[in-house]
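Architecture at a glance
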Amino acid sequence: LRGRCGEGLAQVRRLAAVFDPVPPALAWAEAFLMAYAGEMEPAVAIAAQAAEAATDDRTRARALTLVGMVLEFVDPVGAEPGLTEAAALAERAGDDWCRVEALQVLAYCRITRAELAAATEAVDAALPALPRLGHAQLRAWDAGIRAEIAFARGAYPEAVTQGAEGLR
């Protein structure tokens, strides 16, 4: 989150080299950092494998969220089932961060398909966790999603207000 994905990726890869096989949670961490470092295709492949190999809800949820985050750009319909599962698994695991991520990406999938009420439903479901997390980036994404929904509805003053909130 501080732009040090390359450093983190190098550290995760050094650690992963010690394991055979690599634990799914560590594979997810590698895939996450790869995606944020711009290595999308291999990140999705590793995350999908981590989701399949995961034996705990938290790791499977995080891996599915990452797959959905990348898939959303090319197949928002195809991304939705995995993101829906990820949000449910994250809720069961008590992983607020992952649940919010999954719901926010799900909202973007729905915006892409002009399903604005469903997008609002997803982003509203994430809202209660934001104060608990105290995570500025997720709060900014929430405002950005709400700005996009308002813009798509033609509610331009609301879109500007939400956009400004996201920047703040």
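Throughout what follows, the structure given in this document is the object of discussion. Computed from a prediction, not measured in an experiment: that's the story for all the values here.

Trp28, Leu66 and Ile149 are the most contacted members of the largest nonpolar core, which has 49 residues in total. The contact partners of tryptophan 28, leaving out residues within four places of it in the chain, are Ala50, Arg62, Ala63, Leu66 and Trp97.

Summed over the entire model, instances satisfying the criterion amount to 0 disulfides. Cysteine 98 takes part in no disulfide bond, and the closest cysteine sulfur, belonging to cysteine 109, lies 14 Å away. Given a relative accessible area of 1%, cysteine 98 falls into the buried group.

Taken together, the side chains of Leu15, Val18, Phe19 and Val22 make up a nonpolar region of the molecular surface, amounting to roughly 350 Å² of accessible area. Looking at the element boundaries, valine 22 is found in the loop between helix H1 (5–16) and helix H2 (24–36). Look at valine 22 and you get partly exposed, because its relative accessible area is 30%.

Once that is clear, we can look at the side chain of glutamate 101. Tracing the backbone shows glutamate 101 in helix H6 (residues 96–112). Within the buried set, glutamate 101 has no salt-bridge partner at all; the shortest N-O distance to an opposite charge, 8.8 Å, is to arginine 62. If near-sequence neighbours (up to four positions away) are discounted, glutamate 101 is found in contact with Tyr36, Thr65, Met69, Leu138 and Trp141.

All right, on to the pattern of salt bridges then. Evaluation of the coordinates by the stated rule reveals 15 salt bridges. The residue arginine 60 makes a salt bridge to glutamate 85 at a minimum N-O spacing of 2.9 Å. Residue arginine 60 is found in helix H4 (residues 57–71), and its partner glutamate 85 is found in helix H5 (residues 76–93); the two are separated by 25 residues along the sequence. We classify arginine 60 as partly exposed; its relative accessible area is 21%. Ionic pairing is found between glutamate 115 and arginine 113, a salt bridge with its closest N-O pair at 2.8 Å. Exposure remark for glutamate 115: the relative accessible area of 33% places this residue in the partly exposed category. Owing to a relative accessible area of 23%, arginine 113 belongs among the partly exposed residues under this scheme. By sharing partners, the salt bridges in this structure join Glu80, Arg110, Arg113 and Glu115 into a single network.

Turning our eyes to something else, we now look at the packing of helix H3 (residues 40–53) against H4. Interhelical geometry of H3 versus H4 gives an angle of 150° and a closest axis separation of 8 Å. With respect to their mutual orientation, H3 and H4 come out roughly antiparallel. The handedness of the crossing between H3 and H4 comes out as left-handed. Residues Met40, Val44, Ala47, Ala48, Ala50, Ala51 and Glu52 of H3 pack against Arg60, Ala63, Leu64, Leu66, Val67 and Val70 of H4. Along the lines of polarity and charge, the residues of the contact of H3 with H4 split into 11 nonpolar, no polar and 2 charged.

How each quantity is defined
- Residues numbered from 1 in each chain as written.
- Predicted model: local features only at pLDDT ≥ 70, side-chain atom pairs only at ≥ 80, totals over all residues.
- Heavy atoms only, no water.
- Core = buried A, V, L, I, M, F, W, Y, C linked by side-chain atoms within 4.5 Å.
- Buried < 20%, exposed > 50% of the residue type's maximum accessible area, 1.4 Å probe, protein only.
- Contact = heavy atoms within 4.5 Å.
- Disulfide = S-S within 2.5 Å.
- Patch = residues over 30% accessible without salt bridge, like charges linked within 9 Å, V, L, I, M, F, W, Y side chains within 5 Å.
- Areas by Shrake-Rupley, 256 points an atom, 1.4 Å probe, with all protein chains shown as cover.
- Salt bridge = Lys/Arg side-chain N within 4 Å of Asp/Glu carboxyl O.
- Helix = DSSP H or I, 4+ residues; strand = E, 2+ residues; numbered from the N terminus.
- Lys, Arg positive; Asp, Glu negative; His and termini not counted.
- Axes fitted to C-alpha atoms, helices over the stretch in contact; angles between N-to-C directions.
- Parallel < 35°, antiparallel > 145°, perpendicular 65-115°, else oblique.
- Left-handed = near helix turned anticlockwise from the far one by under 90°.
- Nonpolar A, V, L, I, M, F, W, Y, C, P; charged D, E, K, R; others polar.

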